[in-house]
Amino acid sequence: MSADQKEIVLKCATIAPEGFLWAEVIKKFSSEIQEKTSGAVRMEWYFSSIAGDEPEIAKKIKEGNLDCAWLTGNGLSYIIPPVRILELPFFLKNIKEVDFIRKKVEKLFQILASDYGMKFFGFSDIGFVYIFSKEPVRGLSDLRGKVMWVWDGDYLGEFIGKVVQEEFQVKPFRLPIQNVKANLDHIHVVWETPYVLIMLGWDTSFRYILSHPLKFSFAAPVVSQKSFSKIPTNYQKIFEDVLRKYIDVLTDINRESEVKIFEIILFYRKMGIKMIDFTPTEVKEAENIFREKVWVALKDKVYPSWLLAELLTMIHMFRTGEVR
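Residues numbered from 1 in each chain as written. Predicted model: local features only at pLDDT ≥ 70, side-chain atom pairs only at ≥ 80, totals over all residues. Heavy atoms only, no water.

Asker: Is there a simple way to explain empty space enclosed by the protein in this structure?
Answerer: Rolled over the atoms, a probe with the dimensions of a water molecule shows which regions are left empty. With the rule as written, the count across this model stands at five cavities of 30 Å³ or more. In this structure, the largest cavity occupies an estimated 160 Å³ of space. Around the largest cavity, the lining comprises 18 residues; the ones closest to its centre are Ile-131, Leu-140, Leu-210, Leu-214 and Phe-290. When residues of the lining of the largest cavity are traced back to their parent elements, those giving at least two are α5 (155–168) and α9 (280–295). In terms of residue class, the lining of the largest cavity is made up of 17 nonpolar, one polar and no charged. (1 Å grid on protein atoms, 1.4 Å probe; cavity = no way out; pocket = protein on both sides within 12 Å on 5 of 7 lines; lining within 4 Å. Points joined across faces, edges and corners; volume = space filled by probe spheres on them. Helix = DSSP H or I, 4+ residues; strand = E, 2+ residues; numbered from the N terminus. Nonpolar A, V, L, I, M, F, W, Y, C, P; charged D, E, K, R; others polar.)

Okay, structure coming up:
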């Protein structure tokens, strides 16, 4: 950094706890950006929900009180709503589909993000989300009367909670994610990735896992266009390249962690934790309910109809082998 060049400080936030693997990756790429810009760009991070839960972080970015964040789909839905389409229940069913769709839509979402005044750089995996329960859920009817955690402020999660309440008489319990551990005695069912479940210390409360994933979950870094424009033009590409590199790093780490976590879960089976399979009929029934009550219901509210139609066409062509 030259003597007459002013240091650019970007204030950023995430709910990732200090010391959490994701937080360590964020610190690494922030240090690399500072190094490669010769100290001209520095990222100052607030970890562990210090800046609030994700809806609050998103609001602060929109209001200009924060410059950037690393958010899950929950927070992203407040600032770039259409990206949430990828987290619809039963929408993406395996990693090959995730990788295929990611390549197809990242440039599209970058364009859509600009319409909301945001810079979008790409997705990192959180992983597939599974249903964990204290009692065996061997069919949809076993959900009746259960108390299910719903992330407070998560529009999609709350909508899913409303659907399962209407269809299966499940009782949604809305809580910020940081308050769940203190209330586990009152919750019968949660949905989360195995890695996050264990890292947050919820795993000791739930003895059963539904083997079919409910949905895919992702996270992404975002920077407001106004804040990004403050970065000297000769450093903007460096910033983007470093960020995209670490998006891939975090995806690889999350995938490796998920494999290891499932190995732990298989080991836990010896201590009473069991994986439960729905019948193909039950899975198809659940998929049909969510397709009608969630996918269709959220058209032109969270994402445009044309986007849903386009992605469904892509997925169909991939599943039938027409494209690769």
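Having seen the model, we can carry on.
Asker: Please explain the state of the cysteines as it appears in this structure.
Answerer: Here, the word disulfide means a covalent bond between the sulfur atoms of two cysteines. The full count for this structure, using the stated rule, is one disulfide. Each sulfur in the disulfide pair Cys-12 and Cys-68 lies 1.8 Å from the other. Here Cys-12 is found in strand β1 (residues 8–13), whereas its partner Cys-68 is found in strand β3 (residues 68–72), with 56 residues between them in sequence. Looking at Cys-12, the relative accessible area reads 0%, which means it is buried. Cys-68 gets classed as buried once you look at its relative accessible area, which sits at 1%. (Disulfide = S-S within 2.5 Å. Buried < 20%, exposed > 50% of the residue type's maximum accessible area, 1.4 Å probe, protein only.)

Asker: Help me understand the layout of surface pockets in this model?
Answerer: In this structure, the largest pocket spans a volume of roughly 570 Å³. Taken together, 39 residues form the lining of the largest pocket, with Ile-15, Thr-72, Trp-151, Ile-177 and Val-196 sitting closest to its centre. Within the residue set of the lining of the largest pocket, elements represented by two or more residues are α1 (21–36), β3, α3 (73–79), β5 (124–133), β6 (147–151), β8 (189–192), β10 (215–224) and α8 (233–268). Of all the elements, β5 adds the most residues to the lining of the largest pocket, at four residues. Class assignment for the residues of the lining of the largest pocket results in 20 nonpolar, eleven polar and eight charged.

Asker: Before we go on, may I ask you to explain the packing of aromatic side chains in this structure?
Answerer: Taken as a whole and assessed by the stated rule, the structure comprises 21 aromatic pairs. Taken together, a centroid distance of 6.2 Å and an interplanar angle of 85° make the contact between Phe-29 and Trp-45 edge-to-face. You can see Phe-29 sitting in helix α1 and its partner Trp-45 sitting in strand β2 (residues 41–46), a full 16 residues away along the chain. Per residue, the accessibility class of Phe-29 equals that of Trp-45, and both read buried. Each ring, one from Phe-123 and one from Phe-218, has its centre 4.6 Å from the other, and the planes form 75°; the classification is edge-to-face. Taken together, the residues span a long stretch of sequence, with Phe-123 in the loop between β4 (118–120) and β5 and Phe-218 in strand β10 at a distance of 95 residues. Across the pair, exposure class does not vary: Phe-123 and Phe-218 are buried alike. (Phe/Tyr/Trp six-rings, centres within 6.5 Å; stacked < 30°, edge-to-face > 60°.)

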